[in-house]
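# Chains, contacts and geometry: an overview
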Amino acid sequence: MSNFKVRGATIDQVQPFAFDRGPIGCVLLHGFTAAPKEMRPLGEYLADRNYTIRGVRFAGHATSPEDLAQTTWREWVASAKESVAELRQGCQQVWIIGLSLGGLIGLHLAEHHLVNGVV
């Protein structure tokens, strides 16, 4: 996972995260203007219970308003799709767990039959 430029936040607050565990994958999606850190405690909890986890950082989020203003919802969906595709390679099932905007993007991915379900 790559590092991102950060303005007004610490690097650990904006980084995506991953835990490789069992055969069920969960992609955790944060809310609008937020960061992966808001989903990390849930990711750690699920990883401790043998789920494979990807905590996504949506394009343009968690750095600055200017970065966010330069992105569209399609780029946010692409951020999630990348993690879904990665987990599809090694997991029997892939689920989205989303908060606010993350839930909406999860429903969009489910509508297109890219995931097994949405929480």
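Structure: above.
Attention in this report is confined to the structure presented alongside it. Because the structure is predicted, anything quoted here is derived from the model rather than measured. (Residues numbered from 1 in each chain as written. Predicted model: local features only at pLDDT ≥ 70, side-chain atom pairs only at ≥ 80, totals over all residues. Heavy atoms only, no water.)

## Some remarks on the side chain of Arg54
On the secondary structure map, Arg54 appears in strand 3 (residues 52–55). Using a relative accessible area of 6% as the deciding quantity, one classes Arg54 as buried. Of note is the side chain of Arg54, whose polar atom sits 2.9 Å from the side chain of Glu86. (Helix = DSSP H or I, 4+ residues; strand = E, 2+ residues; numbered from the N terminus. Buried < 20%, exposed > 50% of the residue type's maximum accessible area, 1.4 Å probe, protein only. Polar contact = N/O pair within 3.5 Å; in protein donor to acceptor, adjacent residues only side chain to side chain.)

## Regarding unusual backbone geometry
In this model, Thr33 sits at a positive phi of 65 degrees, which is unusual for a non-glycine residue. The topology assignment puts Thr33 in the loop between strand 2 (24–29) and helix 2 (40–47). Unlike most non-glycine residues, Asn50 shows phi in positive territory, near 75 degrees.

## Observations concerning the packing of aromatic side chains
Two descriptors summarise a pair of aromatic rings, namely the distance from one centre to the other and the angle between the planes of the rings. Here the structure, examined in full by the defined rule, presents two aromatic pairs. Relative to Phe19, the ring of Phe17 lies with its centre 5.8 Å away and its plane at 50 degrees, an arrangement referred to as tilted. For the pair formed by Phe17 and Phe19, the shared burial category is buried. Cation over ring: Arg49 sits above Tyr45, and NZ or CZ is 3.6 Å from the ring centre. (Phe/Tyr/Trp six-rings, centres within 6.5 Å; stacked < 30°, edge-to-face > 60°. Lys NZ or Arg CZ within 6 Å of the ring centre and 35° of its normal.)

## With respect to helix 5 (residues 101–111)
Because each turn of an α-helix spans 3.6 residues, side chains separated by three or four positions end up pointing in the same direction. Among the residues of helix 5, those classed as buried are Leu101, Gly102, Gly103, Ile105, Gly106 and Leu109. For helix 5, the elements touching its buried residues are strand 2, helix 4 (73–88), strand 4 (93–98) and strand 5 (117–118). Just downstream of helix 5 lies His113, where phi reads positive at about 60 degrees. (Contact = heavy atoms within 4.5 Å.)

## A few points about the nonpolar core
Among the nonpolar cores identified, the biggest contains 18 residues, and Val27, Leu29, Phe58, Ile105 and Leu109 are the most heavily contacted of them. Sorting the residues of this core by element identifies strand 2, helix 4, strand 4 and helix 5 as the ones contributing at least two each. The residues touching Leu109, leaving out its near neighbours within four places in the chain, are Val77, Ala80, Lys81, Val84, Ile96, Leu114 and Val115. Of all hydrophobic cores here, the second largest spans nine residues; its members include Phe17, Phe19, Leu28 and Ile53. (Core = buried A, V, L, I, M, F, W, Y, C linked by side-chain atoms within 4.5 Å.)

## Considerations on the pattern of salt bridges
Counting across every chain of the model gives three salt bridges. Measuring nitrogen to oxygen at the nearest pair gives 2.6 Å for the salt bridge that ties Asp20 to Arg54. Residue Asp20 is found in the loop between strand 1 (17–19) and strand 2, and its partner Arg54 is found in strand 3; the two are separated by 34 residues along the sequence. In this structure Asp20 comes out as exposed when scored by relative accessible area, which is 55%. A salt bridge links Arg40 to Glu44, with the nearest nitrogen and oxygen atoms 2.9 Å apart. Of the two residues, Arg40 and Glu44 both sit in helix 2, four residues apart, roughly one turn of that helix. Classification of Arg40 as partly exposed rests on a relative accessible area of 33%. (Salt bridge = Lys/Arg side-chain N within 4 Å of Asp/Glu carboxyl O.)

The values reported here are purely geometric and, on their own, carry no functional implication.
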